[in-house]
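Report on the structure
Spelled out, the chains give:
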Amino acid sequence: MEKVIPEDLVKIIKSVVTDVDLSNLDIQAALSDQEVDSLDLMNIIFSFQEKYSVEISDESISRGEWRSVEIMVDTLNSILSSTEAT
Amino acid sequence: MTIGIAKIGYHIAPESVKTLDKAEQFGLSQDFVRKKTGFVALARKDRAQKASDLCVGAFGQLLTQVQTESDLADIDFICVCTQNGDYQIPHTSAVVQDKLVIDHACAAFDISLGCSGYVYALHITKSFMESNGFSKGLLFTSDPYSEIIDPADKNTALLFGDAGTVTLLSDNPVFDIGKGLFETHGKHHDHLIKRDRQKLVMNGRGIFNFTMSAAPDNIDRCLQKNHLSKSDIDVFLLHQASKYIVDHLCRRLALPPGKVPFTAGNHGNTVSSSIPLALRPFLDQLDYRCMLLCGFGVGLSIATTVLRRR
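A quick note: this is a predicted structure, and the numbers were derived from the prediction, not measured.

Details of helix α1 (residues 6-16) of chain A
Residues and elements named next belong to chain A. Within the span of α1, buried status applies to L9, V10, I12, I13 and V16. Buried residues of α1, seen end-on, are gathered within an arc of 165 degrees and therefore sit on one face of the element. In this structure, α1 carries E7 and K11 as exposed residues pointing more than 90 degrees from its buried face.

Structural notes on the layout of surface pockets
The gaps left among the atoms become clear once a water-sized probe is rolled over them. Its volume calculated, the largest pocket comes out at about 850 Å³. In terms of lining, the largest pocket is formed by 33 residues, of which the most central are L39 and M42 of chain A together with N155, G204 and R205 of chain B. Mapped by element, the contributors of at least two residues to the lining of the largest pocket are α2 (38-52) and α3 (58-62) of chain A together with α2 (30-37), α6 (204-225), α7 (243-252) and β13 (290-297) of chain B. Taken together, the residues of the lining of the largest pocket sort by class into 19 nonpolar, eleven polar and three charged. Roughly 570 Å³ of internal volume is contained in the second largest pocket. Lining the second largest pocket we find 22 residues, and of these Q83, N84, G85, I148 and K194 of chain B sit closest to its centre. Here the lining of the second largest pocket takes three residues from strand β10 (residues 192-194) of chain B, the largest share from any one element.

A closer look at the interface of chain A and chain B
The accessible area lost on association of the parts is a frequent measure of interface size. Residue-level contacts link 18 residues of chain A with 13 residues of chain B. For the pair chain A and chain B, the summed buried area comes to about 1300 Å², and 49% of that belongs to carbon and sulfur atoms. When the area that chain A buries against chain B is broken down by residue, the three leading residues are L39, M42 and F46 of chain A, summing to 43%. Between chain A and chain B we count five salt bridges in total. Between R205 of chain B and D58 of chain A there is a salt bridge, with its nearest N and O atoms 2.6 Å apart. The interface formed by chain A and chain B holds twelve residue pairs in polar contact (both at pLDDT 80 or more) in total. Among the elements of the structure, α1, α2 and α3 of chain A are those that each provide at least two residues to the side of chain A that touches chain B. Of the residues forming the side of chain A that touches chain B, the biggest block, nine residues, is contributed by α2 of chain A. For the side of chain A that touches chain B, the class distribution of residues is seven nonpolar, six polar and five charged.

Focus on the packing of α2 of chain A against α6 of chain B
Interhelical geometry of α2 of chain A versus α6 of chain B gives an angle of 50 degrees and a closest axis separation of 10 Å. In terms of orientation, α2 of chain A lies oblique with respect to α6 of chain B. Along this stretch, α2 of chain A crosses α6 of chain B, giving a crossing that reads as right-handed. Contacts from M42, N43, I45, F46 and Q49 of chain A in α2 of chain A reach G204, R205, F208, N209, M212 and S213 of chain B in α6 of chain B. Here the contact of α2 of chain A with α6 of chain B is built from residues that sort into five nonpolar, five polar and one charged.

Some points on the environment of A241 of chain B
With respect to the element layout, A241 of chain B can be found in the loop between β12 (235-238) and α7. Taking C-alpha positions, A241 of chain B is 37 Å from A105 of chain B, a pair spaced 136 residues apart along the chain.

A closer look at the state of the cysteines
Residue and element names in this part refer to chain B. Counted under the stated rule, the structure contains zero disulfides over all chains. Take C79: it sits in no disulfide, and the sulfur closest to it among the cysteines is that of C81, at 6.7 Å. Here C294 stays unpaired: no disulfide links it, and the sulfur of C222, its closest cysteine neighbor, is 8.4 Å away. Look at C294 and you get buried, because its relative accessible area is 0%.

Quick word on the confidence of the model for chain B
Averaged over all residues, the pLDDT of chain B is 95; the fraction at 70 or higher stands at 100%. Under the prediction, the complex receives an ipTM of 0.84, its pTM being 0.93.

What to know about the packing of α2 of chain A against α7 of chain B
Interhelical geometry of α2 of chain A versus α7 of chain B gives an angle of 35 degrees and a closest axis separation of 12 Å. Crossing of α2 of chain A against α7 of chain B: the hand is right-handed. The residues of α7 of chain B that touch α2 of chain A, namely those facing L39, D40, N43, F46 and E50 of chain A, are Y244, H248 and R252 of chain B. When its residues are assigned to classes, the contact of α2 of chain A with α7 of chain B shows three nonpolar, two polar and three charged.

Reading the values: the criteria
Residues numbered from 1 in each chain as written. Chains lettered and ligands numbered in written order. Predicted model: local features only at pLDDT ≥ 70, side-chain atom pairs only at ≥ 80, totals over all residues. Heavy atoms only, no water. Buried < 20%, exposed > 50% of the residue type's maximum accessible area, 1.4 Å probe, protein only. Helix = DSSP H or I, 4+ residues; strand = E, 2+ residues; numbered from the N terminus. Arc of directions from axis to C-beta. 1 Å grid on protein atoms, 1.4 Å probe; cavity = no way out; pocket = protein on both sides within 12 Å on 5 of 7 lines; lining within 4 Å. Points joined across faces, edges and corners; volume = space filled by probe spheres on them. Nonpolar A, V, L, I, M, F, W, Y, C, P; charged D, E, K, R; others polar. Contact = heavy atoms within 4.5 Å. Buried area = accessible area lost by both parts, 1.4 Å probe. Salt bridge = Lys/Arg side-chain N within 4 Å of Asp/Glu carboxyl O. Polar contact = N/O pair within 3.5 Å; in protein donor to acceptor, adjacent residues only side chain to side chain. Axes fitted to C-alpha atoms, helices over the stretch in contact; angles between N-to-C directions. Parallel < 35°, antiparallel > 145°, perpendicular 65-115°, else oblique. Left-handed = near helix turned anticlockwise from the far one by under 90°. Disulfide = S-S within 2.5 Å. pLDDT = per-residue confidence, 0-100.

And the structure:
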């Protein structure tokens, strides 16, 4: 499977979050600092699960592995590569 | 003889919790509460009131809709859908029969289901009535979650309200009940659970994921089962879990927002009462001819059905 790139995730995030202006989304900054609330974050992660057929644990979220786009890309690629390896 | 829905009475507990006043306590903005949960007030029953009292209140409102009290005489059976009945034993429907002074020639049973309960109960009671030749029955919903919620729990304190409804089922209905579609995802039964002597615990993310993945598919398959398409449905009445869930299900189903109303903003998520409360105003709107009902939650379970105006 091709590696996930930030643009893939930004597209999904923008399709989920409709009530916040994300035209200048900073991929390094925490989404929570860019007015993305906890419900939208839950919905974004659900969309990732659906799109990439992966399971994302509550613990992974608690560890902050989904707080910014940049970190999301790394986490997702790591999950996908470990899935491929098995 | 075909049994369907004739009338719906309701009782929304008169006291309320103002959620906007409580938002800060939970580290939430008022905007978040208003736009995302959508509940600005949560109906609260008096502490001394029981589930049966909400049923009695709903029946009183139903009485205001009939010409004479004799229109509600000769009730063949009573069903109460609740998981927070007056007592563990006996069933709340027997208490309701007593409080309403309904003749003893009346069957009574409870159904233990949560937010999918109304759709389940419609089908169970319809079959029960038809198989026994009954012509008039009362289906109550009453699940006062205020009794089992921890007011300090951020996940549940700003969601649930207390209300009761009563649906008059008869052989001279306004709406016929179509074919239902039911699912159970017991693997996730602990996502919404109240253990002995503890308060309700909800895994919000688990419920959200379940709803977003299971409900659209259940709705699509129910439509197929009834030989209908989305465009045949005048309004989709989804369990009023929160505004966010209703709005996002609407988007996933690719429906116009006007077809998927959120109506619970002033009283909260009333569990099995949420669908009949949303349905009630449409009974008299003759241009609404075909409606879809979908309940989801505790179990985790999901149930969808369609109603057609006779």
